[in-house]
Structures are given as structure tokens and as C-alpha cells.
Amino acid sequence: MPDVDGFDEFYRGSRQRLLGFVYVLTGDRGEAQDAVQEAYIRAWQRWSTISGYDDPEAWVRVVASRIAVSRWRSLRSRARAYLRHGVTETVPGPGTDTVEVVAALRRLPEEQRVAIALYYLMGMPVAEVARETEAPVGTVKARLSRGRAALAGLLAVSDLEEATDA
């Protein structure tokens, strides 16, 4: 079991210095926070060994700077790959019909929404939906039926509203 009090004291005494150091390296506070947090996690996992070092903060500082540099190199590699391969094809956004259906689905109770998604979008048979949702087959059938009826009403209302607005 790691020395919790010793680690807490170490963390409180060194966190600001380490964050400032890594922030200067990265120029990005969020990246610095992520790298320092990861370094402290690794230090906690090895605290029984690291606590015996002459300067545990130096160990965490080296680990945090390596994490920050590794992330920077990864970003640089991705940028080079992007330049090398060019712009990827853009994926068209959802059509208005899809947006309307999703908006209507959001208005359904969760149980009905899940049953409809598993049955219609995932193509699962009713028995498999029942196993997945831990509900009886009859309950799944009822949820599907009620969900379809509710969707029909919700989608018909939006069509009528559009017709009266025109």
C-alpha cells in the first residue's frame, strides 16, 4: 500500500512548480495539465519506489516533460501526414429528414428509444433486443409499437406545422 499521506504532501508541494515548468514547455495550459496529471498518476503507481529517491520531483518532472514532448511529436506526425495525404473527403451532414427523426426520437422515453434503435438501426431481432435490454419479449414488442406510434405522431405534427407555416 503506497504512503498516501507522503504522496499527498509531495503532490501539494510540487504541483504548481511542475505545472509551470510543463506549461513553459508546451505553451498550452490544457496540454500541460494533462501531461502533469499523467506523470503524477505514474508516480502514484510507483510511489513505494519513487518516494525513496533523493528527488522524487525530478522523476515526475522528467516523466511529465517526456509525455508533453511525446504528444507534441504525435501532433507533428499527424500534421505531416495531413500535408502528405491532403484533405480527406468531407462527410456530408445529415439531411433534414434525419435531423427530424433524431429530434423526434429524443422526445421518446428512453426504453422506447433504445428498443427502436436496437431493432431498426442495429437490425437485431426482437428476442435479441429483449436479451440486451433485459426485458421480456412482450415488453419489447410493446415498446416498439408505442415508439412507432409516438414517432408517427411526432413526425406528422412537424409536417403539419410546416404546411401551416407555408
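Scoring rules and cut-offs
- Residues numbered from 1 in each chain as written.
- Predicted model: local features only at pLDDT ≥ 70, side-chain atom pairs only at ≥ 80, totals over all residues.
- Heavy atoms only, no water.
- Core = buried A, V, L, I, M, F, W, Y, C linked by side-chain atoms within 4.5 Å.
- Buried < 20%, exposed > 50% of the residue type's maximum accessible area, 1.4 Å probe, protein only.
- Helix = DSSP H or I, 4+ residues; strand = E, 2+ residues; numbered from the N terminus.
- Contact = heavy atoms within 4.5 Å.
- Phe/Tyr/Trp six-rings, centres within 6.5 Å; stacked < 30°, edge-to-face > 60°.
- pLDDT = per-residue confidence, 0-100.

Novice: I'm lost on the nonpolar core in this one. Help?
Specialist: One broad trend across soluble globular proteins is that nonpolar side chains are buried collectively. Counting residues in each nonpolar core, the largest one holds 18 residues, and the members touching the most others are F7, F10, V22, V36, A39, Y40 and V60. Elements supplying a minimum of two residues to this core: helix 1 (4-26), helix 2 (29-45), helix 3 (47-50) and helix 4 (56-85). By residue number, the principal contributor to this core is helix 2, which donates six residues. With residues up to four places along the chain from it excluded, the contact list for V22 reads A32, A35, V36, A64 and A68. Counting residues in each nonpolar core, the second largest holds 14 residues, with A115, V129, A130 and L151 among its members.

Novice: Before we go on, may I ask you to explain the packing of aromatic side chains in this structure?
Specialist: A ring pair, where both rings are aromatic, is described by two values, the distance of the centres and the angle of the planes. Per the stated rule, a full pass over the model turns up eight aromatic pairs. Judged by centre distance (5.1 Å) and plane angle (85°), the rings of F7 and W47 are edge-to-face. Of this pair, F7 sits in helix 1 while W47 sits in helix 3, and the two are 40 residues apart along the sequence. Each member of the pair, F7 as well as W47, carries the same accessibility label: buried. Grouping aromatic residues by their ring pairs yields a cluster made of F7, F10, Y11, Y40, W44 and W47.

Novice: Before we go on, may I ask you to explain the confidence of the model for the protein in this structure?
Specialist: Do not read the predicted coordinates in detail wherever pLDDT is low. Taken over all residues, the pLDDT of the protein has a mean of 86, while the share at 70 or more is 92%. Within the protein, no element has a lower average pLDDT than helix 8 (residues 137-165), which sits at 79, and none a higher one than helix 2, at 94.

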